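What follows is the residue order along each chain.
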Amino acid sequence: MTQFDRLLAGGESGRKAIEPGNPDASHLISQITPVDGHAEMPDEPAKSLSLIEIDLIRRWIAEGAINDSPVKRNS
């Protein structure tokens, strides 16, 4: 996920990855949150997100999922 607009669009599942302001309705949260020790994303257990990282993403979504990426400028 390298493009912000793609986070808001539906993916393979047909569900939006992020519902700004509503982490519980955001498909991304269900994908990165472990159930019985396994998360759907990332698919490599060694690269799983920590609970702190998941909480940070959850809070960002709850706060409106604002795109605060730096603006790229052409030289």
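Definitions and cut-offs
- Residues numbered from 1 in each chain as written.
- Predicted model: local features only at pLDDT ≥ 70, side-chain atom pairs only at ≥ 80, totals over all residues.
- Heavy atoms only, no water.
- Core = buried A, V, L, I, M, F, W, Y, C linked by side-chain atoms within 4.5 Å.
- Buried < 20%, exposed > 50% of the residue type's maximum accessible area, 1.4 Å probe, protein only.
- Helix = DSSP H or I, 4+ residues; strand = E, 2+ residues; numbered from the N terminus.
- Contact = heavy atoms within 4.5 Å.
- pLDDT = per-residue confidence, 0-100.
- Salt bridge = Lys/Arg side-chain N within 4 Å of Asp/Glu carboxyl O.

**Examining the nonpolar core**
The nonpolar side chains of soluble globular proteins are, as a tendency, buried together. Counting residues in each nonpolar core, the largest one holds nine residues, listed as Leu-7, Ala-17, Ile-18, Leu-28, Ile-29, Ile-32, Ile-54, Ile-61 and Ala-65. If you list the elements that add at least two residues to this core, you get α2 (27-32) and α3 (51-62). For this core, the leading source of residues is α2, giving three residues. Dropping the residues within four chain positions of it, Ala-17 is found in contact with Leu-7, Ala-9, Ser-26, His-27 and Leu-28.

**Regarding the environment of Val-71**
Locating Val-71 in the fold gives a position in the segment after α3. Along the backbone, Val-71 and Ser-13 are 58 residues apart, and their C-alpha atoms lie at a distance of 30 Å.

**A closer look at the confidence of the model for the protein**
Segments scoring low in pLDDT should not have their predicted coordinates read at a detailed level. Averaged over every residue, the pLDDT of the protein is 85; residues scoring 70 or more account for 95%. Within the protein, no element has a lower average pLDDT than helix α1 (residues 4-8), which sits at 73, and none a higher one than α3, at 96.

**With respect to the pattern of salt bridges**
What the rule picks out here adds up to three salt bridges. Ionic pairing is found between Asp-24 and Arg-58, a salt bridge with its closest N-O pair at 2.9 Å. On the criterion of sequence distance, the pair formed by Asp-24 in the loop between α1 and α2 and Arg-58 in helix α3 is long-range, its members being 34 residues apart. Salt-bridge contacts for Arg-59 lead to Asp-55; the nearest nitrogen and oxygen are separated by 3.1 Å. With Arg-59 and Asp-55 both in helix α3, this residue pair falls four residues apart, about one helical turn. Residue class for Arg-59 comes out partly exposed when judged on its relative accessible area of 43%.

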